[in-house]
Amino acid sequence: MSGEPKTISLSLVSHTNVGKTTLARTLLARDVGEVRDEAHVTETAEAQLLIDSAEGDRLLLWDTPGFGDSLRLAKRMQQSGSALGWFLSEVWDRWRDRAFWSSQRALKHVWEQCDVVLYLVDASQAPADVGYLDAELQVLALTGKPVLVLLNQLGAPGQDGAPEARWRERLLGAQGVHAVLPLDAFTRCWVQEGVLWQAVAPLLPETQRAAFERLQAAWRERQLAIWRESMAEVAHRLACAAMDLQPVEADGWRGSMKSSRPLPWPWPAPGSSASSSAARCPSASPPTGSQQPGTRTPASM
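First, a word on scope: everything that follows refers to the structure included in this document. None of these values were measured; they are calculated from a predicted model.

1. A look at the overall build of the chain
- Assigned secondary structure in the chain consists of ten helices and eight strands.
- The 301 residues of the chain split such that 44% are buried.
- Within the chain, counting contacts between residues at least 6 apart in sequence, those at least 24 apart form 69% of the total.
- A total of about 15,900 Å² of accessible surface is found on the chain, and carbon and sulfur atoms cover 54% of it.

Right under this line is the structure:
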């Protein structure tokens, strides 16, 4: 039934050392896995909870071993009558043929546990320079799982759109690819994540769509809560800065430099017991005694 709790699995898949684990950390907002500048760091497919709903639904994000020696892999699979079955049943030595061993583990996971493949590419490269691209998409197509291509390392949103356009043109009509989306591990924004969930929804089986709608709603609520908390903190600091006044003594600015009082650090968080304007902004008290009326200036001057 559509109302029953479901578990939905999204799998980050790519050539080795393209940035799957780094992107996983960004989407999960916590450190997971191991990141090193070398091939085949991730050895097993690892699931992390991305979001859950009040009804018990779970959205899992999987980090997987990277593909390696993909051109040779594709050629070997073409020579077999049952390419996928042959590859998954072969025994590869972890040390002598690490590239095939890692590729097998990634493909086995996609075949058995994945609902939608998130295939990551290094978009800082020209598509023509990525020699393994067709081979890996061909291998993924054998699983029959829907693929969304994520463009990593594009830079900040709104910059030169030429790389994104080149990749979209290159992947237009590629077998199994349903969409090409920008999602940089370092400069992505929440809007891009929302667009990703919108692209995932129609690729899921009908029996999972109600659960995914609930997960999307839970994700939106969590992001809005983070946004509201962030805006409250920004407002708190702006208010303190606006109310931070420094009296100018009779001997001018030299005297104010001698008697200036820095704000306490760290500043109390909004809503804390010390969050009154007097406690948060101690220099905002009215001038007294030796202070000359009308001669207060911001402490930053």
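The discussion continues.
2. Looking at the sheet that holds strand 3 (residues 58–63)
- The six strands are arranged 2-3-1-4-5-6 in an open sheet whose pairing can be described as mixed. A single partner strand is all that each edge strand has here, and the edge strands are strand 2 (46–52) and strand 6 (177–182). On average, each strand axis in the sheet is inclined to that of its neighbour by 25 degrees, with strand direction left out of account.
- Note that strand 5 (residues 147–152) and strand 6 share five bridges and pair parallel. The residue of strand 6 that forms the bridge with L150 is L181.
- Each of strand 1 (7–14), strand 2 and strand 3 is contacted by helix 8 (residues 206–243), which is oriented at about 75 degrees to strand 2, the strand it contacts most.

3. Considering unusual backbone geometry
- Look at N17: it is not a glycine, yet its phi comes out positive at around 65 degrees.
- Relative to the helices and strands, N17 is located in the loop between strand 1 and helix 1 (20–28).
- Its identity as a non-glycine residue notwithstanding, A29 has a phi of 60 degrees, on the positive side.
- Mapped onto the elements of the fold, A29 is located in the loop between helix 1 and strand 2.

4. Digging into helix 8
- Over its 38 residues, helix 8 extends 56 Å from the first C-alpha to the last, a length consistent with the 56 Å expected when each residue adds 1.5 Å.
- Among the residues making up helix 8, those that are buried are Q208, A211, F212, R214, L215, Q216, A218, W219, Q223, H236 and C240.

5. So, the pattern of salt bridges
- In this structure the tally under the stated criterion is eight salt bridges.
- Its salt-bridge partner being R228, residue E221 comes within 3.8 Å of it at the nearest N-O pair.
- For E221, a relative accessible area of 45% translates into the label partly exposed.
- Owing to a relative accessible area of 48%, R228 belongs among the partly exposed residues under this scheme.

6. Observations concerning the packing of helix 5 (residues 133–141) against helix 6 (residues 162–171)
- One way to put it is that helix 5 packs onto helix 6 with a least axis distance of 12 Å and a crossing angle of 55 degrees. In terms of orientation, helix 5 and helix 6 fall into the oblique class. Viewed along their axes, helix 5 and helix 6 form a crossing whose handedness is right-handed. Each of L133, D134 and L137 in helix 5 lies in contact with helix 6, whose residues at this interface are W167, R170 and L171.
- Classifying every residue of the contact of helix 5 with helix 6 gives four nonpolar, no polar and two charged.

7. A word on the side chain of T143
- Of note, T143 is situated in the loop between helix 5 and strand 5.
- Among the residues examined, T143 registers a relative accessible area of 6% and is labelled buried.
- Among the polar contacts listed, one links the side chain of T143 to the backbone nitrogen of K145, at a separation of 3.2 Å.

8. A word on the environment of P146
- With respect to the secondary-structure elements, P146 resides in the loop between helix 5 and strand 5.
- Assessed through its relative accessible area of 13%, P146 is described here as buried.
- The spatial distance from the C-alpha of P146 to the C-alpha of H178 is 6.8 Å, given a sequence separation of 32 residues.

Thresholds applied
- Residues numbered from 1 in each chain as written.
- Predicted model: local features only at pLDDT ≥ 70, side-chain atom pairs only at ≥ 80, totals over all residues.
- Heavy atoms only, no water.
- Helix = DSSP H or I, 4+ residues; strand = E, 2+ residues; numbered from the N terminus.
- Buried < 20%, exposed > 50% of the residue type's maximum accessible area, 1.4 Å probe, protein only.
- Contact = heavy atoms within 4.5 Å.
- Areas by Shrake-Rupley, 256 points an atom, 1.4 Å probe, with all protein chains shown as cover.
- Pairing = 2+ DSSP bridges.
- Axes fitted to C-alpha atoms, helices over the stretch in contact; angles between N-to-C directions.
- Expected span 1.5 Å × (residues − 1).
- Salt bridge = Lys/Arg side-chain N within 4 Å of Asp/Glu carboxyl O.
- Parallel < 35°, antiparallel > 145°, perpendicular 65-115°, else oblique.
- Left-handed = near helix turned anticlockwise from the far one by under 90°.
- Nonpolar A, V, L, I, M, F, W, Y, C, P; charged D, E, K, R; others polar.
- Polar contact = N/O pair within 3.5 Å; in protein donor to acceptor, adjacent residues only side chain to side chain.

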